[in-house]
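What follows is the residue order along each chain.
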Amino acid sequence: MLNIGEIQTLLNTIDNRKAQAKVGRRYYHAAHDIQDYRLFYYDAFGELQEDHTRSNIKIAHPFFTELVDQEIQYLLSNRDRIVTAEDTELQKEMDRYFNENDRFRAELADACTDAVVCGWGWLYAYVDTDDRLSFQCADSLSVTEADGRYTSDGRDYVLYRYLQRKDIYGHMVYKIMVMDDNQTWMYTQVDSGTITLDASTADAPNPRPHVLYKKHNSDDTYFEGLGFLPWFRIDNNREQVSGLQPIKALIDDYDLMSCGLSNNLQDASEYLVVVSGFPGTDMTELMQNLKTKKVIGTADGGGVEMKTVTVPYEARKVKLELDKENIYQFGMGFDASQVGDGNVTNVVIKSRYALLDIKCDKLETHLRQTMGGILDVVLERINQERGTAYTRADVKMDFTRSCITNDSDNATIESTEATTAQTKINTLLAAAAQVGIDPVLPQLCNVLDLDESEVRKAIEQADSEQLDSMMQQLEEGAANDTGAETDNEV
């Protein structure tokens, strides 16, 4: 097991990836750097002073939130079975674990969101009250891995540190779970102080097995070690880098340009006062008279002129549009505000989804790796319970994505496909009337999506008179269809 010194070192280790992940999570919740933006000026003595009089509007534009939610919802847009199997009994089990379990879909979506926002996400496995493996998303920033190559006993561990409560003195009390492939140790820590064994578990084993339960009508306590480390990581990419990294500077620039424009418009009501021949000794006196008395005095030949400042609107507008275009391009997202020339066909829609498809393909690769590990432990548990020998080769993962389409295009495509199929059927029926049904039956069943064996069985059960009648109908139907096609051509 890990000693307390190792646990303390692992939790206190400065990880640059976690620092970047915190920035990603901050931007996902629209807490951008613009909120810390300050204005300064040099006073008459050349000292830098913060300006509290000018407008300093701070508006965050959550592009990253949209891009993340867009990617996750598109990646998991398959509302049917995400895990399928040819075996009927196995399919029922997969449906219970994954397809009919809305909670699993929700937890998987949260873990994938963490993966894109922070760079990685975590799913934690546990045994629920139905004695079935369930999976829950864990806060990715609270999980620390301990590689067996660097631990004192050579075993892999996962540490999960979470806030349990705040005591009456205002101190934060944290719980720390240290897990290996068989059991869990519980520790407690106040603020960032010394880590100690959890005293609240004095009446329970510490460490404890992964699963503790009592059977019905029994006072005996049973325990079970899962035999694997019940943590599954989903990576956003090989480097485990947040999806924010390529576009953070662009989002910051957009915030700056947009807020700068707002500040210009806010300050446009102010004006410059140009004074000539002012006889006073202090400019403050002039401004005070101007604001209160609305009257100022000037010397002979003097005067006062009010001048407003022109807002550089067009330049900022062009820059905002350029930043927005680059955010969607380099963020590899779908800009739903694009209208185009109004001729939005399915080809145009697919082209707009091209970058998003590429980004989802990359994340899907890592998601399949994680789901493969989850399927392995689920299948092993099913095999233990049912005495079967299922493997990962017996199941398939389906992450088919769906996007909006043009209904008019869809109708045209369906009409074309139906016409093509009808032409093939007519041709095959005409051939069947001449050479018999056997040579063309496989092609005909393929076009009509029929089971050839079932069709042959039905033909064998039919008597000769029925077959003669069927062939006559086929011949007449083919002839009528051919004549109709000829009339249409004329």
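Basis of the calculations
- Residues numbered from 1 in each chain as written.
- Predicted model: local features only at pLDDT ≥ 70, side-chain atom pairs only at ≥ 80, totals over all residues.
- Heavy atoms only, no water.
- Salt bridge = Lys/Arg side-chain N within 4 Å of Asp/Glu carboxyl O.
- Helix = DSSP H or I, 4+ residues; strand = E, 2+ residues; numbered from the N terminus.
- Buried < 20%, exposed > 50% of the residue type's maximum accessible area, 1.4 Å probe, protein only.
- Pairing = 2+ DSSP bridges.
- Axes fitted to C-alpha atoms, helices over the stretch in contact; angles between N-to-C directions.
- Expected span 1.5 Å × (residues − 1).
- Contact = heavy atoms within 4.5 Å.

*Asks:* Talk me through the pattern of salt bridges; I want residue IDs and the actual numbers.
*Replies:* Overall, the coordinates contain 28 salt bridges when judged by the stated rule. One salt bridge connects E50 with R38, and the closest N-O pair in it is separated by 2.8 Å. Taken together, the positions of E50 in strand β2 (residues 48–50) and R38 in the loop between α2 (16–28) and β1 (40–42) put the pair twelve residues apart, joining distant regions of the chain. Classification of R38 by relative accessible area gives partly exposed; the value is 46%. For R233, the salt bridge is made with E145, and the minimal N-O distance between the two is 2.8 Å. Pair noted here: R233 is in strand β14 (residues 231–235) and E145 is in strand β6 (residues 143–146), with a separation of 88 residues, a long-range link.

*Asks:* Describe the sheet that holds strand β5 (residues 133–138), naming the residues involved and giving the relevant values.
*Replies:* With respect to topology, three strands assemble into an open sheet ordered β5-β4-β14, the strand pairing being antiparallel. With partners counted over all chains shown, the strands left at the sheet margins are β5 and β14, one partner each. Each strand of the sheet is rotated relative to its neighbour by a mean of 30°, with strand direction disregarded.

*Asks:* I'd love a proper account of helix α3 (residues 63–75), names of residues and values included.
*Replies:* Compared with the 18 Å implied by 1.5 Å per residue over 13 residues, the 18 Å span of α3 between its first and last C-alpha is a close match. In terms of residue burial, α3 counts as a mostly covered element, since ten of its 13 residues are buried. At its buried positions, α3 is contacted by α2, α5 (102–118), α6 (248–267), α8 (313–330) and α10 (354–386).

These figures come from the coordinates and say nothing about function on their own.
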